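# Summary of the model geometry
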Amino acid sequence: MYDQLVMNNATLSPFKKTILGVQFLFIAFGSTVLVPLLVGLDPATALMTAGIGTFIFHFVTKGKVPIFLGSSFAFIAPIIAASKQWGMPGTLAGIIGVALVYFLMSALIKWRGKKLLDRLFPPVVIGPVIILIGLSLSTSAVDMAKSNWTLAFVALATAIVVLSFGRGLIKLVPIVCGIIVGYVVALAMHEVDFTAVEAAPWFALPPSVVNFRWPAFAWEPFLYMIPVAIAPVIEHIGDVYVVGAVADKDFMEEPGLHRTMLGDGLACLAASFLGGPPVTTYSEVTGAMSITKVTNPQVIRISAATAMVFSVIGKLSALLQSIPTAVLGGIMLLLFGTIASVGIQNLVHNKVNMNVTRNTIIISVTLTMGIGGAILSWGSFAISGIGLSALVGVLLNLLLPKAKEEQEP
């Protein structure tokens, strides 16, 4: 229906805005609820914080930027690792560190412009960090999938078919399609337990809202999470560029990249206090806007409101948690590999020259430390994984001299 939809955003009726807003949410739905399911958080809380975070973002950006904020895949591995060391309350406090990074970047952009970010986080640093985000979770994907390989392959095959042969908007929701088909097959195999769904109330506030408690602040998870925010920060910049191109507006200038970064940071801060995962800009929704040609920010705010409505439907949350582990594992086999391939594409697209010794050193050390599980610790504090690798990549980029052909004129 929407494949050929090209309409003037100013003339959209309230009904059409509502339909499109709900549709955009479903495009982001799979990713938004998958992250909390994988890290042990409540999906209803993730929907609530995604909606609240999106409204905060739109308030800070003067309601001009059509962006939806949802759970970030970049934080899956760090949240899992941090929760094992400091528990979920301490990990949620660590998300405050992520918000701090956004605030700092917002201030730096306001002060010095985007060139400073390009100096700190060039493609030779960001590429391998993105690769690590995907590869660091490969073991988890296989462990979940092997609990029932049949269900895992059904979910995986469905997602691959949708990505390869889907048309229009259906091509944007491979995760949702894979989970739905996998779930149906699981029902036929009697692999779904509806006990929790039957016991859940129809309407209920997310558990983290009902049982609100302040994050258990500690320096260790706070500092652990800060380097991990590098990749989402760069993703944020790219999404703002793409959304601006789709809408034919320069959002980097008005309302300004410093405002979009500040809005994302405040949304992350709100998520940490409400018990949800960190949020980030969503490329999936941007893709939907490219197809529909609808870039009205009001439509995105309807998506946010719909997410908040869904978050208080108790049976929906219970239903999401009844999805078999193997189905999620099958999706992860594709998803995390795709994330790694995006990192490779980033290096290729930006023409990073692998014949330059400096680039080879940065990429090699970053990948080796991340995949090898290097840990830097002193006292009770430790930093490892993606966070440590990202920090090392940034430092190497700043310290290693550039070849003459790479130096700026």
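Counting starts from 1 at the beginning of each chain's written sequence and moves along it residue by residue. Given that this is a predicted model, residues contribute local features only at a pLDDT of at least 70 and side-chain atom pairs are listed and counted only at 80 or more, while totals for whole chains, interfaces and linings are drawn from all residues. No hydrogens and no water enter the side-chain calculation; it runs on all heavy atoms of the structure.

In the annotation of an unreviewed UniProt entry, the protein chain is listed under the name Putative permease and assigned to Hallella bergensis DSM 17361. UniProt positions are given in the numbering used here, feature names are shortened, and annotations may be inferred rather than shown by experiment. Turning to the protein chain, the UniProt record has this under Subcellular location (unreviewed entry): "Membrane". For the record of the protein chain, the UniProt heading Sequence similarities (unreviewed entry) holds the text "Belongs to the nucleobase:cation symporter-2 (NCS2) (TC 2.A.40) family."

## A look at the overall build of the protein chain
Where helices and strands are cited, they refer to DSSP runs of H or I of at least four residues and of E of at least two residues respectively, numbered from the N terminus. When helices and strands are tallied, the protein chain shows 19 helices and four strands. Taken over C-alpha atoms, the radius of gyration comes to 21 Å for the protein chain, in line with the 22 Å a tight globule of 409 residues would show. Once the C-alpha set of the protein chain is aligned to its principal axes, its extents read approximately 65 × 50 × 45 Å. Put simply, 84% of the contacts in the protein chain that link residues at least 6 apart link residues at least 24 apart. The accessible surface values rely on the Shrake-Rupley method and a 1.4 Å probe; as for residues, cover is taken only from the protein chains in view. Total accessible area computed for the protein chain in this model is approximately 17900 Å², and 66% of it derives from carbon and sulfur atoms. Separation of charge centres in the protein chain, based on 23 positive and 19 negative side chains, amounts to 7 Å. Here the radius of gyration uses the C-alpha set of atoms, whereas the globule reference equals 2.2 Å times the residue count to the power 0.38. Between two residues, a contact is recorded if the distance between any of their heavy atoms is within 4.5 Å. Here the positive residues are Lys and Arg and the negative ones are Asp and Glu; neither His nor the chain ends is included. For charged residues, the charge sits on one atom: NZ in Lys, CZ in Arg, CG in Asp, CD in Glu.

## What about the confidence of the model for the protein chain?
As a per-residue measure, pLDDT tells how confident the predictor is, with possible values from 0 to 100. For the protein chain, the mean per-residue pLDDT works out to 83, and 92% of the residues sit at or above 70. Under a pLDDT of 50 for its full length, residues 1-8 has, in the predicted model, 18 contacts with residues more than four places off or in other chains.

## Here's the deal with the layout of surface pockets
The pocket and cavity definitions rest on a 1 Å grid over protein atoms only: a 1.4 Å probe that fits but cannot leave marks a cavity, an open set with protein on both sides within 12 Å along at least five of seven lines marks a pocket, and residues lining either have an atom within 4 Å of a point. Grid points are joined across faces, edges and corners, and a volume is the space filled by probe spheres set on the points. Size it by volume and the second largest pocket reaches roughly 420 Å³. Ala 77, Ala 81, Ser 136, Tyr 224 and Gly 385 are the residues nearest the centre of the second largest pocket, which is lined by 21 residues in total. Elements that contribute at least two residues to the lining of the second largest pocket include exactly helix H3 (76-112), helix H6 (138-145) and helix H19 (385-399). Per-element accounting of the lining of the second largest pocket gives the leading share, six residues, to H3. For the lining of the second largest pocket, the residue count by class is eleven nonpolar, nine polar and one charged. Note on residue categories: nonpolar means Ala, Val, Leu, Ile, Met, Phe, Trp, Tyr, Cys or Pro, charged means Asp, Glu, Lys or Arg, and polar means any other residue, Gly included.

## Considerations on the side chain of Thr 61
Summarising the element assignment, Thr 61 is placed in the loop between helix H2 (43-60) and strand E1 (69-71). Non-local contacts of Thr 61, meaning those with residues more than four positions away in its chain, are made with Pro 255, Arg 259 and Thr 260.

## A closer look at the pattern of salt bridges
Salt bridges are defined as contacts in which a side-chain nitrogen from Lys or Arg sits within 4 Å of a carboxyl oxygen from Asp or Glu. All chains considered together, the criterion is met by three salt bridges. Glu 254 is the salt-bridge partner of Lys 64, the closest N and O atoms lying 2.6 Å from each other. On the criterion of sequence distance, the pair formed by Lys 64 in the loop between H2 and E1 and Glu 254 in helix H13 (residues 252-274) is long-range, its members being 190 residues apart. Given the relative accessible area of 35%, Glu 254 is considered partly exposed. With a shortest N-O distance of 3.4 Å, Lys 146 and Asp 143 are connected by a salt bridge. Buried means the residue's accessible area, taken with a 1.4 Å probe over protein chains only, is under 20% of the maximum for its type, while exposed means over 50%, and partly exposed covers the values in between.

## Notes on helix H15 (residues 297-311)
Any helix carries an expected span of 1.5 Å times its number of residues minus one. The end-to-end C-alpha distance of H15 is 21 Å, a good match for the 21 Å that 15 residues give at a rise of 1.5 Å each. Among all positions in H15, only Pro 297, Val 299, Ile 300, Ser 303, Ala 304, Thr 306, Ala 307, Phe 310 and Ser 311 are buried. In the analysis that follows, any N or O atom pair within 3.5 Å is treated as a polar contact, provided that within protein one partner can donate a hydrogen and the other can accept it, and provided that, for residues neighboring in sequence, both atoms belong to side chains. Two or three places before Gln 298, at the opening of H15, Asn 296 has a side-chain oxygen 2.8 Å from that residue's backbone nitrogen.

## Comments concerning the packing of aromatic side chains
Ring pairs are drawn from Phe, Tyr and Trp, using the six-membered ring of Trp, whenever the two centres fall within 6.5 Å, and their geometry is named by plane angle: stacked under 30 degrees, edge-to-face over 60, tilted for the rest. Per the stated rule, a full pass over the model turns up one aromatic pair. Ring geometry for Trp 149 against Phe 153: centres 5.3 Å apart, planes inclined by 25 degrees, an arrangement best described as stacked. Linking Trp 149 with Phe 153, this pair stays in helix H7 (residues 149-165), spanning four residues, or about one helical turn. Residue Trp 149 is classed as partly exposed on the basis of its relative accessible area, which comes to 35%.

## So, the environment of Leu 104
Along the polypeptide, Leu 104 turns up in helix H3. Since its relative accessible area comes to 49%, Leu 104 is described here as partly exposed. When the C-alpha positions of Leu 104 and Pro 401 are compared, they lie 26 Å apart, and in sequence the two are 297 residues distant.

## Here we look at the environment of Ser 208
Topologically, Ser 208 is positioned in helix H10 (residues 207-210). Taking relative accessible area as the criterion, Ser 208 reaches 19% and is therefore assigned buried. Separated by 164 residues in sequence, Ser 208 and Ala 44 place their C-alpha atoms 9.1 Å apart. Those residues in contact with Ser 208, other than ones at most four positions away along the chain, are Thr 45, Leu 274 and Gly 275.

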